[in-house]
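Coordinate analysis (summary)
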Amino acid sequence: MSHSPDDPKFLPDLEINERLTQLKQSHGHYYQMINLEVWALIETMDQFFPGSWSRFMSNRQVSMKQFLQRQRSQKQSSAPNAQSEVSSFDPDHPV
């Protein structure tokens, strides 16, 4: 029975650690590329539609507040004595 050189059972610990480090670096580069692409999209959108990003972020903040208010009201109506983690969060008052 032959053993595959990539089978983790037969790799020395040092090589496993090196591969894990490479994988972490690869994931880091991947997320940096995603951030760069998102930034490029935002810049492009703002060139064609000035202020689009700030309007998006404002709408997102309003939507999040509405979502949290709905969550609070649902939690309060279903369990009036229970304290929810979501209900203790107030986006207007940072911790």
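As a starting point, this report considers the structure included with it. (Residues numbered from 1 in each chain as written. Predicted model: local features only at pLDDT ≥ 70, side-chain atom pairs only at ≥ 80, totals over all residues. Heavy atoms only, no water.)

In terms of regular secondary structure, the protein is built from two helices and zero strands. The 95 residues of the protein split such that 6% are buried. (Helix = DSSP H or I, 4+ residues; strand = E, 2+ residues; numbered from the N terminus. Buried < 20%, exposed > 50% of the residue type's maximum accessible area, 1.4 Å probe, protein only.)

On inspection of all chains with the given rule, the structure shows one salt bridge. One salt bridge in this structure joins R19 and E15, with 3.1 Å as the shortest N-O distance. Highlighted residues: R19 and E15, both in helix α1 (residues 13-48), separated by four residues, approximately one helical turn. According to the relative accessible area criterion, R19 is partly exposed, its value standing at 32%. (Salt bridge = Lys/Arg side-chain N within 4 Å of Asp/Glu carboxyl O.)

Together, M33, L36 and W39 line one region of the surface with nonpolar side chains, adding up to about 340 Å² of accessible area. Of note, M33 is situated in helix α1. For M33, a relative accessible area of 45% translates into the label partly exposed. (Patch = residues over 30% accessible without salt bridge, like charges linked within 9 Å, V, L, I, M, F, W, Y side chains within 5 Å. Areas by Shrake-Rupley, 256 points an atom, 1.4 Å probe, with all protein chains shown as cover.)

Let us now look at the packing of aromatic side chains. Evaluated as defined, the whole model comprises two aromatic pairs. Centre to centre, the rings of Y30 and Y31 are 5.4 Å apart; their planes meet at 65°, and the pair counts as edge-to-face. This pair shows no difference in class: Y30 is exposed, exactly as Y31 is. (Phe/Tyr/Trp six-rings, centres within 6.5 Å; stacked < 30°, edge-to-face > 60°.)

Let us now look at the side chain of S52. Mapping S52 onto the fold places it in helix α2 (residues 52-78). The buried category is assigned to S52, whose relative accessible area is 15%. Residues within four places of S52 in sequence aside, it is in contact with M45 and D46. (Contact = heavy atoms within 4.5 Å.)

This paragraph deals with the environment of E43. Counting through the fold element by element, E43 comes out in helix α1. Take E43: its relative accessible area is 35%, and that puts it in the partly exposed class. Along the primary structure E43 and W53 are separated by ten residues, whereas in three dimensions their C-alpha atoms are 8.6 Å apart.

Once that is clear, we can look at α2. If you check α2, its first and last C-alpha atoms are 39 Å apart, about what 27 residues at 1.5 Å a residue would give, namely 39 Å. Of the positions making up α2, those classed as buried are S52, L68 and R72. Looking at the buried positions of α2, the neighbouring elements they touch are α1. (Expected span 1.5 Å × (residues − 1).)

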